[in-house]
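# Observations on the three-dimensional arrangement
Listed below are the residues making up each chain.
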2 protein chains.
Amino acid sequence: MDQTLKIIGYVRSEIKDINSAPKMENEPGAVQVRLELDPEYMEAMDALAPGCELDLFTWLHKADRSTLKVHPRGNKALPKRGVFATRSPDRPNPIGLHRVTIVAIETPTTLIVAPLEVIDGTPIIDIKSKPNKTK
Amino acid sequence: MDQTLKIIGYVRSEIKDINSAPKMENEPGAVQVRLELDPEYMEAMDALAPGCELDLFTWLHKADRSTLKVHPRGNKALPKRGVFATRSPDRPNPIGLHRVTIVAIETPTTLIVAPLEVIDGTPIIDIKSKPNKTK
């Protein structure tokens, strides 16, 4: 199977600058954003509704894919560790994972969600409904 | 940025057949597996240790990337809904997300983890340490 990701849409956010973005969606500074999906995927959004919790997957297009070790949270006082033992955006496949809630559905392909920490223009690659806690 | 995923390793599991695989890692039938990482990424595994909880990202290579609506959990008694309102493997970018725990580290590039529901040979695309619950 081809391993090329399809970009299904883009994040539209007031956060424009990577240096002012918080590191995680559960940190101060994360905001309400608009998710603009490609009309090609309209059918795939059926049954989404305000209040739904989602796992939102983004492609962190500003990340460095060659980085294998980082200072945790960019703190140079802490020793470097492997990127797979962190949530650094710099990693071989810079997939962002964010737990967000649907605030509103503006159009059949436009969702308002919160909270999100990524910058304006970040590509969206997947949306999954929140998992059931137990069977 | 190029949107081609790098395969960082493969799952080695006793589950060989997609029809016998459970649907989620928290369901009966999920097993202990071996993650064989490419030696190219050995440094990125630094600081991983037994007991660590991880978000494991796989590429569900048997999935249908053209599917936009599905019966939830394959149950034809339930009406079809958009794949973004489900966790079906069939979706434009078939990324699998699994919460697993490291049971043992066999070699610098081989992890034993549990529980996992995907079939033997499934490509691995990312590993992230479990997020902090709060700041």
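Before reading further, recall that the structure is shown in the block above.
These notes cover the structure that comes with them. (Residues numbered from 1 in each chain as written. Chains lettered and ligands numbered in written order. Predicted model: local features only at pLDDT ≥ 70, side-chain atom pairs only at ≥ 80, totals over all residues. Heavy atoms only, no water.)

### Observations concerning the interface of chain B and chain A
Counting residues at the interface gives 56 residues for chain B, matched by 56 residues for chain A. A combined buried area of about 5000 Å² lies between chain B and chain A, and 57% of that area is made up of carbon and sulfur atoms. Across the chain B-chain A interface, the total number found is 6 salt bridges. With a closest N to O distance of 2.7 Å, Arg91(A) and Asp126(B) form a salt bridge. Residue assignment for the side of chain B that touches chain A shows that the elements contributing at least two residues are β3 (53-59), β5 (81-82), β6 (95-107) and β8 (123-129) of chain B. Here the side of chain B that touches chain A takes 5 residues from β8(B), the largest share from any one element. Residues of the side of chain B that touches chain A, tallied by class, amount to 27 nonpolar, 9 polar and 20 charged. (Contact = heavy atoms within 4.5 Å. Buried area = accessible area lost by both parts, 1.4 Å probe. Salt bridge = Lys/Arg side-chain N within 4 Å of Asp/Glu carboxyl O. Helix = DSSP H or I, 4+ residues; strand = E, 2+ residues; numbered from the N terminus. Nonpolar A, V, L, I, M, F, W, Y, C, P; charged D, E, K, R; others polar.)

### Concerning the sheet that holds β6(B)
All names here are of chain B. An order of β1-β2-β7-β6-β3-β8 is seen for the 6 strands of this closed barrel, with the pairing classed as antiparallel. On average, each strand axis in the sheet is inclined to that of its neighbour by 45 degrees, with strand direction left out of account. Pairing of strand β2 (residues 31-37) with strand β7 (residues 110-116) involves 5 bridges; the strand directions are antiparallel. Of the residues in β7, the one forming a bridge with Val 31 is Leu 116. (Pairing = 2+ DSSP bridges. Axes fitted to C-alpha atoms, helices over the stretch in contact; angles between N-to-C directions.)

### A word on the packing of aromatic side chains
On inspection of all chains with the given rule, the structure shows 1 aromatic pair over all chains. Taken together, a centroid distance of 6.2 Å and an interplanar angle of 80 degrees make the contact between Phe57(A) and Phe57(B) edge-to-face. Placement of the pair is Phe57(A) in strand β3 (residues 53-59) and Phe57(B) in strand β3, with the two residues belonging to separate chains. The pair formed by Phe57(A) and Phe57(B) is uniform in burial state, with each residue classed as buried. (Phe/Tyr/Trp six-rings, centres within 6.5 Å; stacked < 30°, edge-to-face > 60°. Buried < 20%, exposed > 50% of the residue type's maximum accessible area, 1.4 Å probe, protein only.)

### Description of the pattern of salt bridges
Using the criterion set out here, one finds 20 salt bridges over all chains in the structure. Measuring nitrogen to oxygen at the nearest pair gives 3.6 Å for the salt bridge that ties Lys16(A) to Asp120(A). Here Asp120(A) lies in the loop between β7 (110-116) and β8 (123-129) and Lys16(A) lies in the loop between β1 (9-12) and β2 (31-37), a separation of 104 residues in the sequence. For Asp120(A), a relative accessible area of 25% corresponds to the partly exposed category. Here Glu36(B) and Arg12(B) are joined by a salt bridge, their closest N and O atoms 3.3 Å apart. Linking Glu36(B) in strand β2 with Arg12(B) in strand β1 (residues 9-12), this pair joins segments that are 24 residues apart in sequence. Given a relative accessible area of 33%, Glu36(B) falls into the partly exposed group.

Read these as geometric descriptors, not functional statements.
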